There are 2 protein chains.
Amino acid sequence: MRERTRPPAHPGAILKRHYLKPLHLTVSDAASGLKVSRKTISKLVNERGSVTPDMALRLSRAFGTSPELWLNLQQSYDLWRVSHESRAWERARVFMEHSRLLASNSA
Amino acid sequence: MRERTRPPAHPGAILKRHYLKPLHLTVSDAASGLKVSRKTISKLVNERGSVTPDMALRLSRAFGTSPELWLNLQQSYDLWRVSHESRAWERARVFMEHSRLLASNSA
DNA sequence: TTTAAGTGTAACCTATGTAGTTACATCTGT
DNA sequence: ACAGATGTAACTACATAGGTTACACTTAAA
């Protein structure tokens, strides 16, 4: 089982590479189409903003995806960062061992 | 395809029913084991708090689950609420129609 | 070269949310 | 009566989302 050594892709990077670029949409285009401020999209594609549930709904509608797609990308990104930026959570007591049989995959 | 008319289970309800109760763990027990305040667990179990990435890591360690389990429960709950509490996101422009072929399931 | 469009970002604002501590009233079982 | 467990209020500190306005910069077209 391999461990990730680098953060998963930021949802903003996916948005930029796989949606905005192919459709020749500028940050300004996307912002006005999604009915949010330009700042919100700019921060997102520059990996300084997050996909909130509201944004996930807008993106899903705009690009014909599920909202879960965007939230899952954000979740993976956040989880990786938090698990690597602090180890306080490792001090939590183990109440219940997980079964190795049922847990060959970390997800 | 059926639409949910009620919110998905709150992660705190799952925690209470499927983890705390079966293990006879009190809110206080869980709080001290997870190394968080009693308030944090109390709020969560009473559906007035959220599972943050940090909490997901603690819960996953304590109960032998994946952190994603908890974050996915929270995500589903949040998404349902936001999509039902506001319809502003529906004003987002459709840039790209989704393919019915690829989107027979909403997720 | 001038002009306009697109961009990133700072400053400022408001609203919300997490999480901690302390304290209190309540309830339950012994 | 007492101790344990609980929900919650009041307070704090901190972080984040998102909006508006303004500025400097780049790029491409006229």
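Residues numbered from 1 in each chain as written. Chains lettered and ligands numbered in written order. Predicted model: local features only at pLDDT ≥ 70, side-chain atom pairs only at ≥ 80, totals over all residues. Heavy atoms only, no water.

Overlaying chain A with chain B gives an RMSD of 0.0 Å, the required rotation being 180 degrees about an axis along which the chain moves by 0.0 Å. On this basis, the relationship between the two copies can be described by a two-fold rotation axis. Taken as a fraction of all interface residues of chain A, those also at the interface in chain B reach 100%, which identifies the copy contact as same-surface. (Least-squares fit on C-alpha atoms with pLDDT ≥ 70 in both. Contact = heavy atoms within 4.5 Å.)

A separate point is the protein's contact with DNA strand C. Around DNA strand C there are 14 residues in total, and S28(A), S37(B), K39(B), T40(B) and S50(B) lie nearest to it. In DNA strand C, atoms within 4 Å of the protein come 51% from sugar and phosphate. Separating a phosphate oxygen of DNA strand C from a backbone N or O atom of V27(A) is a distance of 2.9 Å. Separating a phosphate oxygen of DNA strand C from a side-chain N or O atom of T52(B) is a distance of 3.0 Å. Every element with two or more residues in the surface near DNA strand C is listed here: α2 (27–34) and α3 (38–45) of chain A together with α3 (38–45) of chain B. Counting residues per element, the surface near DNA strand C draws most heavily on α3(B), which supplies three residues. Here the surface near DNA strand C is composed, by residue class, of two nonpolar, eight polar and four charged. (Near = heavy atom within 4 Å. Polar contact = N/O pair within 3.5 Å; in protein donor to acceptor, adjacent residues only side chain to side chain. Helix = DSSP H or I, 4+ residues; strand = E, 2+ residues; numbered from the N terminus. Nonpolar A, V, L, I, M, F, W, Y, C, P; charged D, E, K, R; others polar.)

Once that is clear, we can look at the interface of chain A and chain B. If you look at the interface, chain A gives 38 residues, while chain B gives 38 residues. Taken together, the two surfaces of chain A and chain B that pack against each other cover about 3700 Å², and 68% of this comes from carbon and sulfur. For the side of chain A that touches chain B, the elements supplying multiple residues, two or more each, are α2, α4 (53–63) and α5 (67–85) of chain A. With nine residues, the single largest contributor to the side of chain A that touches chain B is α5(A). Split by residue class, the side of chain A that touches chain B holds 20 nonpolar, eight polar and 10 charged. (Buried area = accessible area lost by both parts, 1.4 Å probe.)

Side-chain pairs of opposite charge can arise whenever the charged atoms involved come near each other. All names here are of chain A. Applying the stated criterion across every chain, the model contains six salt bridges over all chains. We note a salt bridge from D54 to R58, for which the minimum N-O separation is 2.7 Å. With D54 and R58 both in helix α4, this residue pair falls four residues apart, about one helical turn. The salt bridge involving E85 is made with R81; its shortest N-O contact spans 2.3 Å. Within this pair, E85 and its partner R81 are both found in helix α5, separated by four residues, close to a single helical turn. (Salt bridge = Lys/Arg side-chain N within 4 Å of Asp/Glu carboxyl O.)

Before going further, it helps to spend a moment on the confidence of the model for chain A. Confidence in the prediction for chain A averages 92 pLDDT; 90% of positions are at 70 or higher. Within the model, pLDDT remains below 50 along residues 101–107 of chain A, and this stretch shows seven contacts once partners closer than five positions in the same chain are excluded. (pLDDT = per-residue confidence, 0-100.)

In this section: the protein's contact with DNA strand D. The local shell around DNA strand D holds 15 residues, among which S37(A), K39(A), T40(A), S50(A) and S28(B) are the closest. Counting only the atoms of DNA strand D within 4 Å of the protein, the fraction contributed by sugar and phosphate is 49%. Between a phosphate oxygen of DNA strand D and a side-chain N or O atom of T40(A), the distance comes to 2.6 Å. Within the side chain of T52(A), one N or O atom sits 3.0 Å away from a phosphate oxygen of DNA strand D. Elements with a contribution of two residues or more to the surface near DNA strand D: α3 of chain A together with α2 (27–34) and α3 of chain B. It is α3(A) that contributes the most residues to the surface near DNA strand D, three residues altogether. Across the surface near DNA strand D, the residue classes break down as three nonpolar, eight polar and four charged.

The next point concerns the environment of A30(A). Here A30(A) shows up in helix α2. Taking relative accessible area as the criterion, A30(A) reaches 1% and is therefore assigned buried. Measuring from C-alpha to C-alpha, the distance between A30(A) and Y19(A) comes to 9.9 Å, with 11 residues separating the pair along the chain. The residues contacting A30(A), other than those within four sequence positions of it, are L20(A), I41(A) and F95(B). (Buried < 20%, exposed > 50% of the residue type's maximum accessible area, 1.4 Å probe, protein only.)

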